[in-house]
Amino acid sequence: MSSRLPPHAGEWIDRSQTIDFSYEGERIEAFRGDVISSAVMAGGRRILARSFKYHRPRGVLSLANHDANVLVETCSRTNIRADVVAPEAGAEYRAVNTWGGVRCDAGQVLGLLAPLLPAGFYYKAFYRPACLFPWWEKLIRRAAGLGRVDTQATAARVPGSHRWCDVLVIGAGASGLAAARRLAAAGVRVVLADEQARPGGSLRHLRAGEAGARELLAELPTTLADVTVLSGHVAAAYYPDHGVPLVGPDGITFVHARRVIVATGLYEQPAVFRNNDLPGVMLTGAAARLAHLYAVRPFATGVMLAGHPQACAQAVVLRELGVPLEAVIDLGNVDDAALEAARAAGLQVIADVNSIEARASGGELAALTVRAHSGGLVQTLDCDGAVMSMGWAPAASLLVQAGARMAHDAAVGHSVPQALPPGVFAAGSVNGVFALADRRADGAAAAAAALASLGRGSAAVQAPPRARAPQSHPYPVFPHPRGKAFVDFDEDLTIGDLHTAVREGFDAIELVKRYTTIGMGPSQGKTSNMNGLRIVAGLTGQSVGAVGATTPRPFVYPVPMAQLAGRRLRRVWRTPLHDWHVGQAAQMKEAGTWLRPLSYGAGPSRARIEREYAAVRGAVGLIDVSTLGKLEIFGRDARALLDYAYPVGFARLVPGMTRYVFMTDGGGTLVDDGVCACLGTDHYYLTTTSSQAQHVLRQLELYAAQLELEVAVVERTFNCGALNLAGPDARRVLAAHTDVDLSASAFPYLACREGTVAGVPARLMRVGFVGELGYEIHVNAHALGTLWQALCDAGAAHGLLPFGVDTQRLLRLDKGHVIVGHDSDGTTNPFEVGLGRAIAKSKTRCVGRHALAVLGERVTRQLIGFSCADPRAAAIEECHLVIDGERIAGRVTSVGWSPHCAAVIGLAMVENPLAVSGERCRVRVTDRSLIDVEVVPLPFYDPGNTRQHDTTEEAGHGG
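All values derive from a computational prediction rather than experimental measurement. (Residues numbered from 1 in each chain as written. Predicted model: local features only at pLDDT ≥ 70, side-chain atom pairs only at ≥ 80, totals over all residues. Heavy atoms only, no water.)

Before going further, it helps to examine the overall build of the chain. Tallying secondary structure elements over the chain gives 25 helices and 50 strands in all. Looking at the chain as a whole, 55% of its 959 residues qualify as buried. When contacts within the chain are restricted to residue pairs at least 6 apart in sequence, long-range pairs at least 24 apart make up 66% of them. Put simply, the chain shows about 39,400 Å² of open surface, and 53% of that area lies on carbon and sulfur atoms. Across the chain, the 93 positively charged side chains and the 91 negatively charged ones have centroids separated by 2 Å. (Helix = DSSP H or I, 4+ residues; strand = E, 2+ residues; numbered from the N terminus. Buried < 20%, exposed > 50% of the residue type's maximum accessible area, 1.4 Å probe, protein only. Contact = heavy atoms within 4.5 Å. Areas by Shrake-Rupley, 256 points an atom, 1.4 Å probe, with all protein chains shown as cover. Lys, Arg positive; Asp, Glu negative; His and termini not counted. Charge placed at Lys NZ, Arg CZ, Asp CG, Glu CD.)

Take empty space enclosed by the protein next. For the structure shown, the criterion picks out three cavities of 30 Å³ or more. The volume enclosed by the largest cavity comes to roughly 710 Å³. Residue lining of the largest cavity: 43 residues in total, with Glu195, Thr264, Gly265, Leu266 and Arg289 positioned closest to the centre. Taken together, the elements giving at least two residues each to the lining of the largest cavity come down to α4 (174-185), β10 (190-194), β12 (234-235), β15 (266-268), α7 (284-293) and α10 (397-402). For the lining of the largest cavity, a count of residues per class yields 21 nonpolar, 16 polar and six charged. Considering only enclosed or pocket space, the second largest cavity measures out at about 140 Å³ in volume. Forming the walls of the second largest cavity are 15 residues, and the residues nearest its centre are Arg50, Ser51, Phe52, Ala68 and Asn69. Residues of the lining of the second largest cavity, tallied by class, amount to nine nonpolar, three polar and three charged. (1 Å grid on protein atoms, 1.4 Å probe; cavity = no way out; pocket = protein on both sides within 12 Å on 5 of 7 lines; lining within 4 Å. Points joined across faces, edges and corners; volume = space filled by probe spheres on them. Nonpolar A, V, L, I, M, F, W, Y, C, P; charged D, E, K, R; others polar.)

So, on to the packing of helix α18 (residues 605-618) against helix α23 (residues 805-815). The geometry of α18 relative to α23 is characterised by a closest axis approach of 9 Å and an angle of 55 degrees between their N-to-C directions. Taken as axis vectors, α18 and α23 run oblique relative to one another. The handedness of the crossing between α18 and α23 is right-handed. Mapping the contact onto sequence places Ile609, Glu612, Tyr613, Val616 and Arg617 in α18 and Asp806, Thr807, Leu810, Leu811 and Asp814 in α23. Taken together, the residues that form the contact of α18 with α23 break down as five nonpolar, one polar and four charged. (Axes fitted to C-alpha atoms, helices over the stretch in contact; angles between N-to-C directions. Parallel < 35°, antiparallel > 145°, perpendicular 65-115°, else oblique. Left-handed = near helix turned anticlockwise from the far one by under 90°.)

Okay, the sheet that holds strand β50 (residues 930-936) next. With respect to topology, six strands assemble into a closed barrel ordered β45-β48-β47-β46-β49-β50, the strand pairing being antiparallel. Direction aside, neighbouring strands of the sheet carry axes that sit 45 degrees apart on average. Against the sheet, α23 makes contact with β47 (887-898) and β48 (903-911), and its axis sits at roughly 120 degrees relative to β47, the strand it touches most. (Pairing = 2+ DSSP bridges.)

Okay, the packing of aromatic side chains next. According to the stated counting rule, one finds 13 aromatic pairs in the structure shown. Note on Trp580 and Tyr600: the rings are 6.2 Å apart at their centroids and 70 degrees apart in plane angle, and the pair reads as edge-to-face. Pair noted here: Trp580 is in helix α17 (residues 578-583) and Tyr600 is in strand β33 (residues 594-600), with a separation of 20 residues, a long-range link. Look at Tyr600 and you get buried, because its relative accessible area is 6%. Feature note: the residues Trp573, Trp594 and Phe718 constitute an aromatic cluster, connected by ring pairs. Just above the ring of Trp392 sits the side chain of Arg207; from NZ or CZ to the centre is 5.4 Å. (Phe/Tyr/Trp six-rings, centres within 6.5 Å; stacked < 30°, edge-to-face > 60°. Lys NZ or Arg CZ within 6 Å of the ring centre and 35° of its normal.)

A separate point is helix α8 (residues 311-321). Three- or four-residue spacings in an α-helix give side chains the same orientation, since the helix completes a turn every 3.6 residues. Restricting attention to buried positions, one finds in α8 the residues Ala311, Cys312, Gln314, Ala315, Val316 and Leu318. Those residues of α8 hidden inside the fold are in contact with α7, β18 (302-306), β19 (325-330), α9 (336-344), β24 (385-389) and β25 (392-394). At the C-terminal side of α8, Gly322 shows a positive phi close to 115 degrees.

This paragraph deals with a nonpolar patch on the surface. A surface patch of nonpolar side chains, about 290 Å² in accessible area, is lined by Val109, Leu112 and Leu113. Mapping Val109 onto the fold places it in the loop between β8 (92-95) and α2 (121-124). Judged by relative accessible area, Val109 falls into the partly exposed class, the value being 43%. (Patch = residues over 30% accessible without salt bridge, like charges linked within 9 Å, V, L, I, M, F, W, Y side chains within 5 Å. Salt bridge = Lys/Arg side-chain N within 4 Å of Asp/Glu carboxyl O.)

Grouped together as the largest cluster of nonpolar side chains are 63 residues, with contacts concentrated most on Phe21, Tyr23, Val72, Tyr93, Tyr294, Leu325 and Val328. When residues of this core are assigned to their parent elements, the largest contribution, six residues, is made by α7. For Leu325, the residues in contact, after removing those within four places along its chain, are Phe299, Gly302, Val303, Met304, Ala315, Leu318, Arg319, Leu347 and Val387. Counting residues in hydrophobic clusters, the runner-up holds 54 residues, among them Ala638, Leu697, Val818 and Val847. (Core = buried A, V, L, I, M, F, W, Y, C linked by side-chain atoms within 4.5 Å.)

So, on to the environment of Arg534. Within the secondary structure, Arg534 is located in helix α14 (residues 529-540). With 11 residues separating them along the chain, Arg534 and Gly545 place their C-alpha atoms 9.5 Å apart.

Another point: α18. The end-to-end C-alpha separation of α18 is 20 Å, in line with the 20 Å expected for 14 residues at 1.5 Å each. Among all positions of α18, only Arg608, Ile609, Glu612, Tyr613, Ala615, Val616 and Arg617 are buried. (Expected span 1.5 Å × (residues − 1).)

A few words now on the pattern of salt bridges. If you walk through the whole model with that rule in mind, you get 39 salt bridges. The residue Arg343 makes a salt bridge to Glu340 at a minimum N-O spacing of 2.7 Å. Of this pair, Arg343 and Glu340 both sit in helix α9, three residues apart, roughly one helical turn. The partly exposed category is assigned to Glu340, whose relative accessible area is 46%. Across the pair Glu772 and Arg947 runs a salt bridge whose closest N-O atoms are separated by 2.9 Å.

Attention shifts here to unusual backbone geometry. Here Pro554 and Phe555 are connected by a cis peptide whose omega angle stands at 5 degrees. By the secondary structure assignment, Phe555 is in the loop between α15 (544-547) and α16 (561-565). Look at the link from Leu938 to Pro939: it is a cis peptide, with omega at 0 degrees. Within the secondary structure, Pro939 is located in the loop between β50 and α25 (946-949). In this structure, Asn97 is a non-glycine residue whose phi angle is positive, near 65 degrees. The residue Cys879 is not glycine, and still its phi comes out positive at about 80 degrees. Tracing the sequence through the fold places Cys879 in the loop between β45 (861-868) and β46 (881-884).

On to the side chain of Arg207. Structurally, the position occupied by Arg207 is in the loop between β10 and α5 (213-218). The residues touching Arg207, leaving out its near neighbours within four places in the chain, are Ser202, Ala213, Leu266, Trp392, Phe434 and Arg439.

A separate point is the sheet that holds β33. If you walk across this open sheet you meet the three strands as β31-β33-β32, and the pairing is mixed. The open sheet has two edge strands, β31 (573-574) and β32 (586-591), and neither has a second partner.

Here we take up the pairing of strand β3 (residues 26-32). Relative to β3, strand β2 (residues 14-23) is paired through seven bridges, and the arrangement is antiparallel. Following the sheet pairing, Ser22 is matched in β3 by Arg27. Linking two consecutive strands that pair antiparallel, namely β2 and β3, is a turn of two residues; a positive phi of about 55 degrees is found at Glu24 within it.

For the rest of this paragraph, the subject is a positive patch on the surface. Taken together, the side chains of Lys138, Arg142, Arg924 and Arg928 make up a positively charged region of the molecular surface. Relative to the assigned elements, Arg924 resides in strand β49 (residues 920-924). Note on Arg924: relative accessible area 34%, which makes it partly exposed.

For Asp83, the location among the structural elements is in the loop between β7 (80-81) and β8. Within the local environment of Asp83, its side chain forms a polar contact with the backbone nitrogen of Asp67, the two atoms lying 3.2 Å apart. Not counting residues up to four positions away in its chain, the partners in contact with Asp83 are Val35, Ser37, Leu63, Ala64, Asn65, His66 and Asp67. (Polar contact = N/O pair within 3.5 Å; in protein donor to acceptor, adjacent residues only side chain to side chain.)

Time to look at the pairing of β2. Here β2 pairs with β8 via two bridges, running parallel. When the sheet's bridge partners are listed, Tyr23 is paired in β8 with Tyr93.

So, on to the packing of α7 against α8. As a packed pair, α7 and α8 sit with axes 11 Å apart at the nearest point and diverge in direction by 25 degrees. By the criterion of interaxial angle, the relationship of α7 to α8 is roughly parallel. Relative to α8, the crossing made by α7 is left-handed. The segment α7 lies against α8, with Thr284, Ala287, Ala288, Ala291 and His292 engaging Gln314, Val317, Leu318 and Leu321. Residue composition of the contact of α7 with α8, by class: six nonpolar, three polar and no charged.

The following block contains the structure:
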């Protein structure tokens, strides 16, 4: 049973501060400084999670920032790495990937099916009979993946930052500290990054007993005095020009360095033997971290599997600290002097071992059975803990991403850099240097080389030689006839799976990786790739160096999507009426870069929209349209510019009138629309969609420059406000406040007039976007509030209500009016949305003319209207698929409940054969069911357009 060790120097926990949280429903008490895994183990729990494929019991493996054995989640966060994340007070954690919890995981039945689920089984099964494949696909997809995403959780906004320095040192172990100290002494700007919470690297736990380690840690305040230290920051990738994103607790710091020193050290490697994944079997580094940093006794009785020169020394240090190690199992590559030192420390030494098997009780390690080479002697050791000390693999992913060439060094026992790219330097054990004094010297040599490359020094420092004795076990793999010897703990991948891949012809290492998924789990092969290479080498009769290695791509560690997105740094624009909208309980939402009201008041969204809808259709409504782009065009060539920029005709546009216009690009794709008012022979006023104002402005200025036109384009988007007064009573409300003659003969549909409204100089245009008599009124932005309030007061007697964007979109949907960018996409042309008739075919020159001539003859899809009175139609949403027979015919672009039609209506972009009124098709909704809808002609409301044309002569003006 795990428990706390007595207090000792160097522990990271603060025993005076406690934190309560729950794990799998069990209350856990932690100390400040604990991580989730250490706190749960200190509470006596050893089975912390379940494995990905077979749902086998799992415990701590490495506790080194890549321990995919223990991933946890809360109600709002998933795939939290329990080996490095501190618990939050009151949080409720549970293991990912369980069917009923860790203790009673129903998914463990998959372990019984393991013989039927070898590597690559999904390539060879389930495709026959074909009729069952959708069922199998659904089952596999449901079982795949780790963690559950809460789609209702609030999106996290994690800030990002940039930092510049002369030299970035990655890794704060012995070599990294030595490099940083020398660089700082030379006066250069140094950033030292390390994934641990405190600098020191393995000196704080795994190599805490090495001579000189304590002295080096004691020197840290002096060493780091002039160094920017970013502890708890993982170097996640390497990008050109020495750009390295450091992922920390508060977001990503992207470091731009002139030079980079990689002192990332090594990944400890496990042994591969039967049941080596049982809780209680862990790497020596995990036991050392638990004991040294978190004061946790990892087991009651333990043994060490020793396979490299430093293993026995580590066992002695752990035993002195209070970790109950009783025996050392010599698996080779351990010298006799080290074994004698272990015996002198009271450890039993078992030598000449060639077979290992772990045995379980209650899902946890209970004993190890070992067999000797000579005589086949079998010995069973009762223990609940086994630490594996087999050796290392280089943490060289960043070096490879930077362009370094690595090669396997048989003398060292793993790959070392053979050639480094300019500006990148390697130091310490990742460079094949192991003794503490040599690691420090190698760091200083790397710093000297970096300074020389910066022109800050020329004195070369002799780097120490690489180790000449193997530092890792050459083949820590012990197959068992009954299998269950795991190579990749992330993927539940066994020796047998690698045998299968090679036997079936997937014997190149990159093919092995893809066929078996070795190294493709959350830890990215940090504890599996080296043993995988050794096994493949043995199966194919090659050396490890000849087998090669897989390519490490960014990211080296998993990076949360919220951190990749970073803090939201984009503009948010507010209309002059923003405060009024908020004061009227408007539901504000971003529309492009603008904040706009969706609807007003309390209650369900549909009720609010229908209330505003009824006001516009039956009386009068008022909407803020200040977000429209607004441009004035002056000059002798103003019409020539418009004729070139827009495919529609302007010959009949006379002063005092407006027309609908739309813009295309050179390929005939629809990019924007709006209204153009002619104010004089050389003066036009143009509106654009809210999101395209800047684009249209840039395009018009570009065209004017290219054609050398005498014209000026002036943007008025931000110094002009606009509103739309619409509804049967709009003329009556407006007449009391304007000197403009509003009679139908004096101010017909599509006319434009200038005058005053509520004493404010204004420009008025008769428009019909919502399908009713309407006036779009443009004034200086500072006067919009006065005008808005005057119209609200005048309209109160008529039942005037303000209406928002959601209501406006439903009103225009009644009329079948297209919203560019909503009902269209980056491939839509005017002919597909019913705008082809407005193109002036007589034009000899305009943007997109040649493309439009071709597209007009090749229309393959069309925007149609559909209607459905079935209550189930409420489930139809935008982007749902339209199904015609057995084929996908298109997608829904707009949809909503129309009070006028008493049905759900919508627009859909479909292939032409479907676009026939009266036909029926089906829409596939989110739950995958199909709903029948009827294709109907457009518009749904007032097909004769009598309401928006409104030729009533009853009102003149009140001026």
